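Structural description and commentary
This is what each chain is made of:
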Amino acid sequence: MAAITARSGASSGAMNTKRSHNYQLFGSPFRLSYDEATTCRMLRAAIARRVQRYVKFYGENKEPYRLVISSDAGTRCIAELPCNDTFAYEVIDRHQLTLEFSYEAQRDTFDQTEEEALDIDASAAGSGGRDTKKKNSLDIADCLRKLFEKEQLGETEMWYCSKCKKHSRAFKKLDLWNTPDILILHLKRFQYAQTLSFVHRQKLDDLVNFPSDAPLDLSSYVLSSESSKKAMYELYAVSEHSGGLGGGHYTATVYNDEAQQWFHYNDAHVSRASLSNIVSKQAYVLFYRRRRDI
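Quick summary incoming for the structure in this document. Computed from a prediction, not measured in an experiment: that's the story for all the values here.

Structural notes on the packing of aromatic side chains
The full count for this structure, using the stated rule, is seven aromatic pairs. Taking 6.2 Å as the distance between ring centres and 25° as the angle between the ring planes, the aromatic pair formed by Phe-87 and Tyr-89 counts as stacked. Through a chain of ring-to-ring contacts, the aromatic side chains of Phe-190, Tyr-250 and Tyr-284 assemble into a single cluster.

Structure follows, in structure tokens:
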């Protein structure tokens, strides 16, 4: 069985120098079963049939991607899968396969809408598969309500009362009196949980839906009646993190006022961005500014 992911990237560097590569994972991973009699040529054909629903092939079924044997994280290329009659299991061993697109090929041949329309098998639910708005998704309004709700301290974090001279499970609550011109929301993407024997760490990939083309209204959380009238914000930038705890990559999507266009920044590579792709499970830090018309 092969685990298959997709990534896009670009290489940078001058002639006769070592080139570096920047990659970003996208789409949904999937598994494909094969037996010991399956050759590399047969496996390539099976993968092509599997992805042709949402990948547009070039003339004469030419693949718009490189099929590479990669590390478990899908970010380090070990070798390209040959198109010959070598047995696939001898070449792949315990690694996984990655469809490697250039930025241009991803833009021109990958149908994101069709890919998101694929049904998720029950075996993939809750096990690191793609989150959707219907499954394993959150709304930024729910996150804000959770942040501002009244909370009682736990047994291990009791507060010491100087008046009654004892520890108690006090209640705490966060409120806002005023809001800034620039609002930065940091989504919790990394979780650390202490168990009896070790600290469990994991990357949180839940999809958080946040307003990208509509205002973010914080008026219900602001105590000052005067300040609450100015608590309307518009999104102007998103910082994204792809990868996991062992290694990852940061990118950014920013709105340019002069060009009136969203742009995606990936190290030295800059490309136009679509408003429909801004909300993603890679979103890490959200940058809002106060609406100028209030």
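Here the narrative resumes.
Thoughts on the side chain of Thr-253
By the secondary structure assignment, Thr-253 is in strand E17 (residues 247–256). Taking the relative accessible area as the measure of exposure, Thr-253 reaches 4% and is therefore buried. In terms of polar contacts, Thr-253 uses its side chain to reach the side chain of Glu-240, at 2.6 Å. Of note is the side chain of Thr-253, whose polar atom sits 3.1 Å from the side chain of His-264. Once you skip the residues sitting within four places of it in the chain, Thr-253 turns out to touch Tyr-236, Ala-237, Val-238, Glu-240, Trp-262, Phe-263, His-264, Ala-273 and Ile-278.

Details of the environment of Arg-189
With respect to the helices and strands, Arg-189 occurs in the loop between strand E11 (182–186) and strand E12 (190–194). Overall, the relative accessible area of 3% leaves Arg-189 in the buried class. Sequence separation of Arg-189 and Tyr-284 is 95 residues, and the distance between their C-alpha atoms is 6.8 Å. Among all residues touching Arg-189, those that are not within four sequence positions of it are Gln-202, Lys-203, Leu-204, Asp-205, Asp-206, Val-208, Ser-280, Lys-281, Ala-283 and Tyr-284. For Arg-189, the side chain forms a polar contact with the main-chain oxygen of Ala-283, separated by 2.9 Å.

Notes on unusual backbone geometry
A positive phi is found at Lys-165, a non-glycine position, where the angle reads about 60°. On the secondary structure map, Lys-165 appears in the loop between strand E8 (159–161) and strand E9 (166–168). According to the relative accessible area criterion, Lys-165 is exposed, its value standing at 57%. The backbone phi angle of Gln-260 is positive, close to 50°, even though this residue is not glycine. Locating Gln-260 in the fold gives a position in the loop between E17 and strand E18 (261–266). Looking at Gln-260, the relative accessible area reads 62%, which means it is exposed.

Section: helix H1 (residues 40–51)
Note on helix geometry: an α-helix contains 3.6 residues per turn, so any two residues three or four positions apart are oriented the same way. Counted at 1.5 Å a residue, the expected span for H1 with its twelve residues is 16 Å, and the 17 Å between its end C-alpha atoms agrees. By the burial criterion, the buried members of H1 are Cys-40, Leu-43, Arg-44, Ala-46, Ile-47, Ala-48 and Val-51.

Calculation notes
Going along each chain's sequence as written, the residues are numbered from 1 onward. The predicted origin of the model limits local features to residues at a pLDDT of at least 70 and limits the giving and counting of side-chain atom pairs to 80 or more, whereas totals for whole chains, interfaces and linings rest on all residues. To get the side-chain values, take all heavy atoms of the structure and skip hydrogens and water. For Phe, Tyr and Trp, where Trp contributes only its six-membered ring, two rings pair if their centres lie within 6.5 Å, and the inter-plane angle classes them as stacked under 30 degrees, edge-to-face over 60, or tilted in between. Under the scheme used here, helices are H or I runs from DSSP no shorter than 4 residues and strands are E runs no shorter than 2 residues, and both carry numbers assigned from the N terminus. Think of it in three bands: residues with accessible area under 20% of the maximum for their type are buried, residues over 50% are exposed, and the middle band is partly exposed, with areas taken using a 1.4 Å probe on protein chains only. Polar contact criterion, stated in full: a pair of N or O atoms within 3.5 Å, where within protein one must be able to donate a hydrogen and the other to accept it, and residues adjacent in sequence count only if both atoms are side-chain atoms. In this analysis, two residues are considered to be in contact whenever any of their non-hydrogen atoms come within 4.5 Å of each other. Multiplying 1.5 Å by the residue count of a helix minus one yields the expected span of that helix.

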